[in-house]
Amino acid sequence: MKYFAEEKVNTGRQPELDLMKALCIIGMIVIHVLLDLGSDVLPKTLDDLGTEFLGAANFMLCMGIGMRYSRNQSAKGYLIRGFSLLTVGQFLNLLRNALPNLIAYQVLKDQWFIANALLVIQSDILTFAGLALFLMALLKRLKVSDLGILVTGLIMNLFALTAYHVIPDPENYLLSQFAGFFVITKAEAYFPLCCYFIFVAFGYFIGGWYPRIRDKDGLSSRIILILLPIAVVYYVIRYFVEIPFLPELGSDLQYNMKPTPDAVATCMTSLIWLSLFYKITKLFKDGQLPKILMNFSTYINSYYCVSYVILMPVQTILIAVTGDLLPGKLIPWICGFSLVVITYLIVNLNERYLHWHISNMKGRARWIFAAAVWILTAAVIIYAYPKIEEFANIWNDYLLP
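Since this is a predicted model, take the numbers as computed values, not measurements.

Participant: Quick rundown of the overall build of the protein? Include the residues and the values.
Facilitator: The helix and strand inventory of the protein stands at 16 helices and zero strands. A compact globule built from 401 residues should have a C-alpha radius of gyration of about 21 Å, and the protein, at 21 Å, falls within 12% of that. Each principal axis of the C-alpha atoms in the protein carries an extent, and together these give about 65 × 55 × 50 Å. The 401 residues of the protein split such that 54% are buried. Counting contacts in the protein only where the partners sit at least 6 residues apart, residues at least 24 apart contribute 82% of the total. Approximately 19,300 Å² of the protein is accessible, and the part contributed by carbon and sulfur atoms is 68%. In the protein, 31 side chains carry a positive charge and 27 a negative one; their mean positions are 14 Å apart.

Here it is in structure tokens:
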């Protein structure tokens, strides 16, 4: 094919991937502030479009492509990285959910805080990424082909869609939460592995071709020309026509489930975004992104964690002190962009002076830290679970006022 070479000719950092990750993480921080600190601030149409077209699936696609550029692509390497991400994600849950809400519960004895403290267990994006790496390690060990990995992702997504309609939820909430790591349940099942692995698999599949692209400009034009009209027609139909067995486009259920037709369409739109972002990067000098955008892409996990460690305790303090979220529509927007700036300063101060990263821990310190995280998680569950009268999750808007 004229767009691809026989050997690797497109190595190194890919500016369109960096631009996608940078814009997604900046938008994610702002939108999370609007959703978690504001009350009816974000217009539904903007929320629907933002999460549907620049949501978590794009992070996962970039993750899949990035795996093909990684120096360590062994099954063992994926296992180690997976466990590291699971532990980091669990540490984040302790800091953002368990600790502030347990403190508030001890002071106020309000059910809202103990219910939200149990969100120390949830199917968050870092948890998903860790489980996805575990699965990739297994598939690599079994020597499954790139196409086989993609088909596996598609089958898993079809299973999740079917399971939602035919398999009843466990009666026990903890069992429901555990199942929520894999399929949609009535617990905090935000990014179930079976629903979202298709995006990692698709990224991994096209990542096998990515280093061989020799005419990225021509290929991008062809992708836009062919896929954009198809995507527009699909989403117009999807938005205005009710389709049996598929949830409403933009709903929480649709976003968390990503039912198979929508998952395929999302893969298609992600390719369109990458092509458009490549065209945009050509406008910069030598095709290089501004340093600030590269910074957001390079330290994307740090931005995610730091922003949440600030955001969720602030939510807890607001509820504890005022019983409500931020007033008006302007203040949450100001806070959203302010958090982007604050997070930027913290991340870069750390990179310049402290250089502290959990992933940099070595030997005994690493294992002691991991053990402490998982033991504390178990302790929170044992303490909080019996005290909860109504569980907080995405389906009841976390019991927010």
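That covers the picture; the talk isn't over yet.
Participant: So what about helix α14 (residues 300–322)? Which residues, and what values?
Facilitator: Between its terminal C-alpha atoms α14 stretches 33 Å, which fits the 33 Å expected from 23 residues at 1.5 Å a residue. Phi for Gly323, located one or two positions after α14, is positive at around 75 degrees.

Participant: Hey, could you go over the nonpolar core for me, with residue numbers and the actual values?
Facilitator: The tendency in soluble globular proteins is for nonpolar side chains to be buried side by side. Within the largest apolar cluster, 129 residues are counted, with the highest numbers of intra-cluster contacts made by Ile25, Met60, Tyr196, Phe197 and Tyr304. Among all residues touching Met60, those that are not within four sequence positions of it are Ile125, Phe128, Phe191, Tyr196, Phe199 and Val200.

Participant: Account for a nonpolar patch on the surface, with residues named and values stated.
Facilitator: A cluster of nonpolar residues, Leu228, Val232, Val233, Val236, Ile237, Tyr239, Phe240 and Val241, forms a patch on the protein surface that exposes about 740 Å² of accessible area. You can see Ile237 is positioned in helix α10 (residues 216–240). Using a relative accessible area of 43% as the deciding quantity, one classes Ile237 as partly exposed.

Participant: Go over the packing of aromatic side chains with me, naming the residues and quoting the values.
Facilitator: The geometry of an aromatic ring pair is captured by the separation of the ring centres together with the interplanar angle, meaning the angle of the planes. One pass over the structure, following the stated rule, counts 21 aromatic pairs. A ring pair is formed by Tyr173 and Phe391, whose centres lie 3.9 Å apart and whose planes are at 5 degrees; its orientation type is stacked. In this pair, Tyr173 sits in helix α8 (residues 173–179) while Phe391 sits in the segment after α16 (363–384), placing the two residues 218 residues apart along the sequence. Between Phe191 and Tyr255, the ring centres sit 6.1 Å apart and the planes meet at 70 degrees, which makes this aromatic pair edge-to-face. Here Phe191, found in the loop between α8 and α9 (193–209), pairs with Tyr255, found in helix α11 (residues 252–257); they are 64 residues apart in sequence, far enough to count as distant. With a relative accessible area of 6%, Phe191 lands in the buried category. By the ring-pair criterion, three or more aromatic residues cluster together here, those being Phe128, Tyr190, Phe191, Tyr196, Phe199 and Tyr255.

Participant: I'd like a rundown of the side chain of Thr260, residues and numbers included.
Facilitator: Relative to the helices and strands, Thr260 resides in helix α12 (residues 260–281). With a relative accessible area of 9%, Thr260 lands in the buried category. Engagement of the side chain of Thr260 in a polar contact is seen with the side chain of Asn157, the distance being 2.6 Å. Discounting chain neighbours no more than four positions away, the residues touching Thr260 are Leu154, Asn157, Leu158 and Leu161.

Participant: Summarise the pattern of salt bridges; cite the residues concerned and give the values.
Facilitator: Under the defined criterion, the tally for this structure stands at seven salt bridges. The partner of Lys282 in a salt bridge is Asp217, with the nearest N and O atoms 2.8 Å apart. Taken together, the residues span a long stretch of sequence, with Lys282 in the loop between α12 and α13 (291–298) and Asp217 in helix α10 at a distance of 65 residues. With a relative accessible area of 43%, Lys282 lands in the partly exposed category. Salt bridges here are not isolated pairs; linked through shared partners, they connect Asp217, Lys279 and Lys282.

Participant: Account for the packing of helix α6 (residues 125–141) against α9, naming residues and giving values.
Facilitator: Running from N to C, α6 and α9 point in directions that differ by 60 degrees, and their axes come no closer than 10 Å. The angle between α6 and α9 places the two elements in the oblique class. Seen along the crossing, α6 lies across α9 with a hand that is right-handed. Residue-level contacts link Phe128, Leu131, Ala132, Leu135, Met136, Leu139 and Lys140 of α6 to Leu193, Tyr196, Phe197, Val200 and Tyr204 of α9. A per-class count over the contact of α6 with α9 returns 11 nonpolar, no polar and one charged.

Criteria and cut-off values
Residues numbered from 1 in each chain as written. Predicted model: local features only at pLDDT ≥ 70, side-chain atom pairs only at ≥ 80, totals over all residues. Heavy atoms only, no water. Helix = DSSP H or I, 4+ residues; strand = E, 2+ residues; numbered from the N terminus. Rg over C-alpha atoms; globule rule 2.2 N^0.38 Å. Buried < 20%, exposed > 50% of the residue type's maximum accessible area, 1.4 Å probe, protein only. Contact = heavy atoms within 4.5 Å. Areas by Shrake-Rupley, 256 points an atom, 1.4 Å probe, with all protein chains shown as cover. Lys, Arg positive; Asp, Glu negative; His and termini not counted. Charge placed at Lys NZ, Arg CZ, Asp CG, Glu CD. Expected span 1.5 Å × (residues − 1). Core = buried A, V, L, I, M, F, W, Y, C linked by side-chain atoms within 4.5 Å. Patch = residues over 30% accessible without salt bridge, like charges linked within 9 Å, V, L, I, M, F, W, Y side chains within 5 Å. Salt bridge = Lys/Arg side-chain N within 4 Å of Asp/Glu carboxyl O. Phe/Tyr/Trp six-rings, centres within 6.5 Å; stacked < 30°, edge-to-face > 60°. Polar contact = N/O pair within 3.5 Å; in protein donor to acceptor, adjacent residues only side chain to side chain. Axes fitted to C-alpha atoms, helices over the stretch in contact; angles between N-to-C directions. Parallel < 35°, antiparallel > 145°, perpendicular 65-115°, else oblique. Left-handed = near helix turned anticlockwise from the far one by under 90°. Nonpolar A, V, L, I, M, F, W, Y, C, P; charged D, E, K, R; others polar.

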